[in-house]
Amino acid sequence: MLKVLFVGWILLLLLACLAVSGVLAYTAMRRRRAAREELLLRRSVGEVVRFVVGEEEPKSLPAERCIERSRGLVHLLSRLYGALYGINPAPLMRLVQRYGLDRRLLRRARRSHGVMRAVWLKRLSDLPPSQDALLACGDFDEDRSREVRFAVLLIRLCAEPQTALFRIAHFDSPLRTCEVGEILHHLRRGLLPIAYHPLLESENGNLRRLGLAIVRQFSIEEADARLWCMVA
């Protein structure tokens with residue numbers, strides 16, 4: 001009896017060791033893969049930037065060798081698009097269309113629901129605006145999720161910046177602080193004017209919130225007198 005118990009404990013110990021070894025090996029593999037993909041993305045940055053400033057379009061990007069290629073490319077192009085102020089979005093848009101990133105994100109949004117649908121649409125709004133994305137917005141206009149409707153607003157702001165203030169003013173509910181912050185994020189791309197005074201004078205609550213956020217974000221001291229009048 002004792003011998004059987006001893007053998008059983010030995011087998012359990014071996015199984016535990018195998019399980020721990022498997023977990024450690026899997027963790028190490030994940031880390032190596034993450035480091036490799038980060039390196040591929042970094043190598044891709046230089047080629048994309050050279051293309052943006054006017055050089056020839058690269059035949060291939062190192063990021064194409066990432067296991068999750070689409071996610072890596074979305075991350076890369078959205079970061080560059082947000083960081084390079086005032087750039088011509090056409091080269092980045094060509095890369096988006098070349099890899100079908102807008103279509104993939106739209107497909108995932110249609111297959112998802114609620115918050116996850118909003119997540120995919122917001123990722124789409126971080127990329128250069130495409131005609132496919134703009135046309136697809138109509139499919140989500142009546143969505144029950146407020147987050148989805150706001151994500152649609154962001155896409156339209158990017159695709160049609162000349163209508164930005166009109167669309168913000170006519171959003172179906174008052175903007176939250178976090179939503180105003182997301183809109184301000186697009187200021188770095190030259191999407192909205194920084195003419196805060198007309199916004200502060202507006203009778204529309206969403207535009208006033210945007211004006212106040214611009215004043216706070218850029219610490220515009222010249223607006224102090226107007227702010228004191230609003231407080232009074």
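This write-up is about the structure you can find in this document. All of these numbers come straight from a predicted model, not from anything done at the bench. (Residues numbered from 1 in each chain as written. Predicted model: local features only at pLDDT ≥ 70, side-chain atom pairs only at ≥ 80, totals over all residues. Heavy atoms only, no water.)

**Concerning a nonpolar patch on the surface**
The grouping of Trp9, Leu12, Leu15 and Leu18 at the surface amounts to a nonpolar patch, some 500 Å² of accessible area in total. By the element assignment, Leu12 lies in helix α1 (residues 2-52). (Patch = residues over 30% accessible without salt bridge, like charges linked within 9 Å, V, L, I, M, F, W, Y side chains within 5 Å. Areas by Shrake-Rupley, 256 points an atom, 1.4 Å probe, with all protein chains shown as cover. Salt bridge = Lys/Arg side-chain N within 4 Å of Asp/Glu carboxyl O. Helix = DSSP H or I, 4+ residues; strand = E, 2+ residues; numbered from the N terminus.)

**Description of the pattern of salt bridges**
Taken as a whole and judged by the stated rule, the model has 10 salt bridges. The residue Glu182 makes a salt bridge to Lys122 at a minimum N-O spacing of 3.1 Å. Here Lys122 lies in helix α5 (residues 114-125) and Glu182 lies in helix α9 (residues 177-185), a separation of 60 residues in the sequence. For Glu182, a relative accessible area of 26% corresponds to the partly exposed category. The class for Lys122 is partly exposed, based on a relative accessible area of 23%. Here Asp172 and Arg149 are joined by a salt bridge, their closest N and O atoms 2.5 Å apart. With Asp172 in the loop between α8 (164-169) and α9 and Arg149 in helix α7 (residues 146-159), the pair connects residues that are 23 residues apart, well separated along the chain. A relative accessible area of 48% means that Asp172 is categorised as partly exposed. Where salt bridges share partners, they join Glu57, Arg94 and Arg98 into one cluster. (Buried < 20%, exposed > 50% of the residue type's maximum accessible area, 1.4 Å probe, protein only.)

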